[in-house]
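Below are the chains, spelled out letter by letter.
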Amino acid sequence: MEELAVKVEHVSKEYRLGAIGGATLKGEIQSRIARLRKKEDPNLKIGEKAHKKNERFLAIDDMSFEIKKGETIGVIGRNGAGKSTILKLICRVTMPTKGNIYLNGRITSMLEVGTGFHPELTGRENVYLNGAILGMSKAEIDKKFDEIVEFSEVGQFIDTPIKRYSSGMKVKLAFAVASHLDSEIMIMDEVLAVGDVNFQNKCIDRMKKVASEEGRTILYVSHNMATVKKLCDRCVVLSHGKLVFDGDTDEAIAVYMKDDHSDQTYFDVSAFERQPKCNKRHMIQSVEILESETNHINYGDLFKFRMKWLGKTENEIVKMKMVAVGTNTEAVGVIYGGSLDCKIGENYVDYVFDTKYLIPGHYTMQFNLYFDDENGNAEYFDQCVAMRFNIEHSENSIHLKHWFKNWGYAVLPCIEQIKD
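Throughout what follows, the structure given in this document is the object of discussion. (Residues numbered from 1 in each chain as written. Predicted model: local features only at pLDDT ≥ 70, side-chain atom pairs only at ≥ 80, totals over all residues. Heavy atoms only, no water.)

When helices and strands are counted, the protein chain shows 9 helices and 19 strands. Here the protein chain holds 420 residues, and the buried ones make up 48% of them. Summarising the internal contacts of the protein chain: among those between residues at least 6 apart in sequence, 73% fall at separations of at least 24. Entry remark: accessible area of the protein chain is about 21500 Å², with carbon and sulfur atoms responsible for 49%. (Helix = DSSP H or I, 4+ residues; strand = E, 2+ residues; numbered from the N terminus. Buried < 20%, exposed > 50% of the residue type's maximum accessible area, 1.4 Å probe, protein only. Contact = heavy atoms within 4.5 Å. Areas by Shrake-Rupley, 256 points an atom, 1.4 Å probe, with all protein chains shown as cover.)

One pass over the structure, following the stated rule, counts 0 disulfides. Among the cysteines around Cys 384, which has no disulfide bond, Cys 278 carries the closest sulfur, lying 8.3 Å off. (Disulfide = S-S within 2.5 Å.)

Relative to each other, helix α3 (residues 123-133) and helix α4 (residues 138-152) sit at 135 degrees, their axes nearing to 10 Å. By the angle between their directions, the pair α3 and α4 is classed as oblique. As α3 runs across α4, the sense of the crossing is right-handed. Of α4, the residues touching α3 (which contributes Arg 124, Val 127, Tyr 128, Gly 131 and Ala 132) are Lys 138, Ile 141, Asp 142, Phe 145 and Ile 148. Among the residues making up the contact of α3 with α4, the classes are represented as 6 nonpolar, 1 polar and 3 charged. (Axes fitted to C-alpha atoms, helices over the stretch in contact; angles between N-to-C directions. Parallel < 35°, antiparallel > 145°, perpendicular 65-115°, else oblique. Left-handed = near helix turned anticlockwise from the far one by under 90°. Nonpolar A, V, L, I, M, F, W, Y, C, P; charged D, E, K, R; others polar.)

And the structure:
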């Protein structure tokens, strides 16, 4: 029987929402004094009458899995699925409400960029401080110090206070420390989301090496499916605090992509309420994603969809405009979809665009049917948000620039109407 590194046994974690109403100790004291004086709480949000009390939230629900020594495990799932919570429980940052977690070895954890770093200390001092926190002796750190600094690529600034480092420099040094110290279990939570592409690839190679050659166990959380697929032997998929899949990485990614109603490809908007400005002579009925079983599209793939609308007049030129809005990015792309001479009854048009012009993320798309009046001003037949879709990281997205991903830039010049 292979030796286990981590065993999670029927673990649950429950939080009591609103138990502490203030965001800070000062705020909580202010709230309590206000209640004693029977005055309005100064920390309540607009429209609130009182903080919510005793509302329970089950962040992790009866979760069990095992990780063998030397395995590299991906932990994937939507935001709020419980990924960071289970890692904090494994690291003992917080304790489970129920169940047990068994560990076999020392843990190195990177739950946030630069965790455990002191901003006033230099990079050199923080290497020793972080190593000591992780249970390493000074002699052990001395032995690895030069290798850590070389890997981090911040040697020129090693004696500069951390507060003057960029976020990329911090994560480079933090990863270098975590990956070179002699712990048996490494836990990484989205640590490769910062840093240039070359350094990300360097980190992946390093993690592969420590797993295969040094027999260390790695738990890796990421929304970047390309790195998960490249690095992980196996994946667990979480959804709403539950473990919904544990197995092969490709199968796990497929489960993750279909989670949270992400297999929806047909959107019926015929009964949606419309704004008063729409004259409703032509009304959008539905939007359907074509040639796909899910609304998750890999970055770089062609994305094809069909819009149907009901025409109430004929021989009228209808123009189309679509707006793709990123719900977890700052990206907004305006797409002009041409014009058609419409007929009474059902009309439809197919569109296709190359997703390399959208950064990976979650999107909604607003559809507009309009015409230009005699003064050239747009007047709307119909307007509604009619589709949700997701652009997923893939092998093709690994080259995206760091600033491109973080600032949410989108350009959509390549959409075209498909001619029958």
